[in-house]
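# Results of the structural survey
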Amino acid sequence: MCGIVGAVGCRQLRSYLIDGLKTLEYRGYDSSGLAFSHEEAPLIYRIPGRVHLLEEMVPLSLEAGIGIGHTRWATHGAPTETNAHPHISHSGLFTLVHNGVIDNYRALHQMLSDLGYQFNTETDTEVIANLIEHNYKQMGDVLKALRQSMKMLEGSYALVIIHQGDDERLFFAKNHSPLLIGHGPDANFLASDYLPMLKHVKDFYALTDHQFGYISKDEVAVFDLPGNSKAKISYHQTDLTSEDINLEGYPHYMLKEIEEADNVIRHLIDNYHDGRNYLFNPKLLDTITASDQLIFLACGTSYHACLIGKRYLEALGKRVDVYIASEWAYYPVITGKNPLFIIVSQSGETADLIHCVKNIKQYKFPLLTITNTKGSTLDREANFTLLLFAGIEIAVASTKAYVAQVTLLALLAAALKGDSQLIPDLYHVIEALKKVIDMKSKFEKIADFLATKENAFYLGRGFDYDVSLEASLKLKEITYIHSEGLPGGELKHGPIALIDKDTPVIIFVSDSLTALPIRSNLQEVLARGAHVIVISSQSLAKGKDAIVVPDVPVHLSVLPKVMVAQYLAYYTALKRGANIDKPRNLAKSVTVE
Ligand code: AGP
């Protein structure tokens, strides 16, 4: 996902913009750029490369009152210098950066071309710049031009805009893509999230859809599309600190976040249980109880966590369906009369889910959002929100957020059931996770073998099937090894044709109910030459099992098992020299459909 920074009145403008873009690198990008206000025309620096290369282009002595910056994750147009942001309007009146996708950019491009506007790039962003310039030439006022342009734009955008000749104000507009204001005593800031601004300010405002306006060094003016007067805004603080983005001696954020899992579980217990009772909103619990269908919507790792949640809530007799958000967005199926929607999203900004919310709002059914990001779009759109309290997750590959999602869903199910046994069970899991951390050298050894392969399979039954899907996603997204997670029983119905000599097959064994059949599947692949790696629970372990993890209740066994899988992916990627925290082609939060 693209990253945006901007500031007015900041005395260390150059370093704010560059360091700010560096804190946004985890979101994934392929080009970067900066623009600084200047008397004739903004000074622009752009590169189809990393921010540290951009930094070398910008003179240390450069000073300016206003500046904007951008890291681009290519949607329209290849990652080239020409397509890198910032983009400039036809006559140079407006220079801007954009995060999002404009759905009707072709029609607008045609309209503006017919009016004589020239285009130098393939981007939808340049269309926005020319549209604002066109409306400004008609209306003579930037805010009026912005308002008119927002009425004509269809799609998602977070825009930060320099108006040539205005040395006081930096303009912005927001719809669907995140944009926050950071308010300081003698400078004001804009950014895609808190990180770039943490060192400069403590007061933040998360713009809502269809808001626009400007910041100057001592003023923040926010307007809503319908109204004419300034919107009343209230600032909030964040418990994030720049420490949160500190690697604390780890080589990669992913390893740090894998090993934060025990604290994640502790924070959730602290936030959702007071030692005697669960601390969930009674209205939420009543809504769940009264609903005749629970519909989970999510993507990727969060989707895999929903599969676990489905089992937890079905065990209470609830009817539960889980859909991949990008599918349900276009094929919305609702079979219950009074369903509750449950959206699970670490970032709270995933575009596929924001699309689903539009459908849900039409039906007016209640929505619970489970997210790690307070103030995110999906948090704000929900009737109920349950926060994951996992701390910022920077590595693109989600690890501790999955642990948090599964744990929170277990706590929610236990609260509905009135089951107090879960709390001691979770402390038991925490102890098990510590033992898994102590096994790192074993994972490194297995990774030596995995790193030489181009295909791999994860197998399991029940909870172990669900965790196989997540294990497989982890492996493929950071090692680029093609991997599949399969139900053990499904192998014979086709995929076993792919098993060849030394094909890696990693098998989870956590449940006595299916230990026998899954070990039969093991024999089937072994007989065809596979290289089998068994990850089993202590009480079900057999002599040749590669990894044996401490016993925990079966419904919580996914937590130690997924940690093993996260480590295997991490060490295999390390041995393959992959970019672990920022895998190719991926973004931390997918804010485009
Ligand atoms: C997980 O490792 C991936 N980075 C990706 O699948 C991610 O889980 C997915 O994009 C959903 O993101 P969200 O939880 O922020 O909505």
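Above this text is the structure in question.
Presented here is a report on the structure given in the accompanying data block. Please read these numbers as outputs of a predicted model, since none were measured by experiment. (Residues numbered from 1 in each chain as written. Predicted model: local features only at pLDDT ≥ 70, side-chain atom pairs only at ≥ 80, totals over all residues. Heavy atoms only, no water.)

### Considerations on the overall build of the protein
Rule in force here: Only runs of H or I of at least four residues qualify as helices and only runs of E of at least two qualify as strands under DSSP, and these elements are numbered from the N terminus. Radius of gyration here is computed from C-alpha atoms only, and the compact-globule reference equals 2.2 Å multiplied by the residue count raised to the power 0.38. The buried label goes to any residue with under 20% of its type's maximum accessible area, the exposed label to any with over 50%, and the partly exposed label to all in between, with areas taken from a 1.4 Å probe on protein chains only. Note on contacts: a residue pair is in contact if any heavy atoms of the two residues lie within 4.5 Å. Note on areas: Shrake-Rupley with a 1.4 Å probe; residue coverage comes only from the protein chains shown. This count recognises Lys and Arg as positive and Asp and Glu as negative, with His and chain-terminal groups excluded. Note that the charge is assigned to NZ on lysines, CZ on arginines, CG on aspartates and CD on glutamates.
Helix and strand counts for the protein stand at 18 helices and 23 strands. Computed over C-alpha atoms, the radius of gyration of the protein comes to 25 Å, within 12% of the 25 Å expected from 2.2 N^0.38 for 593 residues, which places it in the range of a compact globule. Its C-alpha atoms give the protein principal-axis dimensions of roughly 75 × 50 × 45 Å. Counting over 593 residues, the protein shows a buried share of 60%. Excluding contacts between residues fewer than 6 apart, the proportion of contacts in the protein whose partners are at least 24 apart in sequence is 71%. Accessible surface, the protein as shown: approximately 22800 Å² in total, 51% of it carbon and sulfur. Of the side-chain charges in the protein, 56 are positive and 68 negative, and the distance between the mean point of each set is 5 Å.

### Some words on the packing of aromatic side chains
Geometrically, a pair of aromatic rings is defined through the distance of the ring centres and the angle of the planes. This is how it is decided: Between the rings of Phe, Tyr and Trp (Trp by its six-membered ring), a pair exists once the centres lie within 6.5 Å; its type follows the angle of the planes, with under 30 degrees stacked, over 60 edge-to-face, and the other angles tilted.
Across all of its chains, the model carries 16 aromatic pairs by this definition. Seen in terms of ring centroids, Y363 and F365 are 6.1 Å apart; in terms of plane orientation they differ by 20°. Their pairing is stacked. Ring geometry for Y458 versus F508: centroids 5.7 Å apart, planes at 15°, classification stacked. One end of the pair, Y458, is in strand β19 (residues 455-460); the other, F508, is in strand β21 (residues 504-509), and 50 residues separate them in sequence. A single burial state applies to Y458 and to F508, both of which are buried.

### Structural notes on the pattern of salt bridges
Basically, it comes down to this: The salt bridge definition used is simple: a Lys or Arg side-chain nitrogen within 4 Å of an Asp or Glu carboxyl oxygen.
Across all of its chains, the model carries 22 salt bridges by this definition. A salt bridge links R169 to D166, with the nearest nitrogen and oxygen atoms 2.8 Å apart. Note on R169: relative accessible area 27%, which makes it partly exposed. Given the relative accessible area of 12%, D166 is considered buried. Of the charged contacts in the structure, one is a salt bridge between K575 and D448, with a shortest N-O distance of 3.2 Å. Remark: D448 occurs in helix α15 (residues 440-450) and K575 occurs in helix α18 (residues 558-575); sequence separation between them is 127 residues. Taken together, the shared-partner salt bridges connect K256, E260 and K400 into one network.

### Thoughts on the site of the ligand
The condition is simple: Definition of nearness: a residue and a molecule or strand are near each other if at least one heavy atom of the residue lies within 4 Å of the molecule or strand. Counted as a polar contact is a pair of N or O atoms within 3.5 Å, where, for protein atoms, one must be capable of donating a hydrogen and the other of accepting one, and residues adjacent in sequence contribute only when both atoms are in side chains. Any residue outside Ala, Val, Leu, Ile, Met, Phe, Trp, Tyr, Cys, Pro, Asp, Glu, Lys and Arg is labelled polar, Gly included; the first ten of those are nonpolar and the last four are charged.
Taken together, the neighbourhood of the ligand is formed by 15 residues, with S302, S345, S347, T350 and E477 sitting nearest. Measuring from an oxygen atom of the ligand, one finds a backbone N or O atom of T301 at 3.1 Å. For the ligand, whose unbound accessible area comes to 410 Å², protein coverage reaches 91%. Taken together, the residues of the shell around the ligand break down into five nonpolar, eight polar and two charged.

### Description of the packing of helix α7 (residues 261-272) against helix α14 (residues 422-437)
Spelled out, the test is: Comment: axis = line fitted to C-alpha atoms, over the contacting stretch for helices; angle = value between 0 and 180 degrees taken between N-to-C directions. In what follows, roughly perpendicular refers to angles from 65 to 115 degrees, roughly parallel to angles under 35, roughly antiparallel to angles over 145, and oblique to any angle outside these ranges. Crossing handedness follows the turn of the near helix against the far one: under a right angle anticlockwise gives a left-handed crossing, and clockwise gives a right-handed one.
Across the interface, α7 lies against α14 with an axial gap of 9 Å and an inter-helix angle of 165°. What the angle tells us is that α7 and α14 run roughly antiparallel. Considering the relative orientation of α7 and α14, their crossing is left-handed. For the pair α7 and α14, the contacting residues are A261, D262, I265, R266 and I269 in the first and I423, L426, Y427, V429, I430, L433 and K434 in the second. Each residue belonging to the contact of α7 with α14 can be placed in one class, and the counts come to nine nonpolar, no polar and three charged.

### Looking at the sheet that holds strand β3 (residues 43-47)
What counts, and what does not: Criterion used throughout: strands pair if DSSP finds at least two bridges between them.
Taken together, the seven strands give an open sheet; going across it, the order is β3-β2-β4-β1-β10-β9-β11, and neighbouring strands pair in antiparallel fashion. Of all strands in the sheet, those with a lone pairing partner are β3 and β11 (203-206), marking the two edges. Shown here is a sheet whose adjacent strand axes are inclined to one another by a mean of 10°, direction ignored. As paired strands, strand β9 (residues 180-183) and strand β10 (residues 188-191) are joined by four bridges and run antiparallel to one another.

### Considerations on the sheet that holds strand β7 (residues 157-163)
The strand order β5-β6-β7-β8-β12-β13 describes an open sheet built from six strands, whose pairing is antiparallel. Every interior strand has two partners, whereas the edge strands, β5 (87-88) and β13 (220-224), have only one. Where β5 and strand β6 (residues 94-99) come together, two bridges link them in antiparallel fashion. If you follow H87 over to β6, its bridge partner there is L96. Here helix α5 (residues 142-152) sits on the sheet and contacts β6, β7, β8 (170-175), β12 (211-215) and β13; the angle it forms with β12, its principal contact strand, is near 155°.

### Here's the deal with α7
We apply this condition: Take the residue count of a helix, subtract one, and multiply by 1.5 Å to get its expected span. The directions from the helix axis to the C-beta atoms are what the arc is built from.
In this model α7 runs 17 Å from its N-terminal to its C-terminal C-alpha over 12 residues, within 8% of the 16 Å that 1.5 Å per residue would give. Within α7, burial applies to A261, D262, V264, I265, L268, I269 and Y272. Taken end-on, α7 shows its buried residues confined to a sector of 160°, consistent with a single buried face. Along its buried surface, α7 packs onto α6 (253-258), β18 (384-387), α13 (400-417), α14 and α18.

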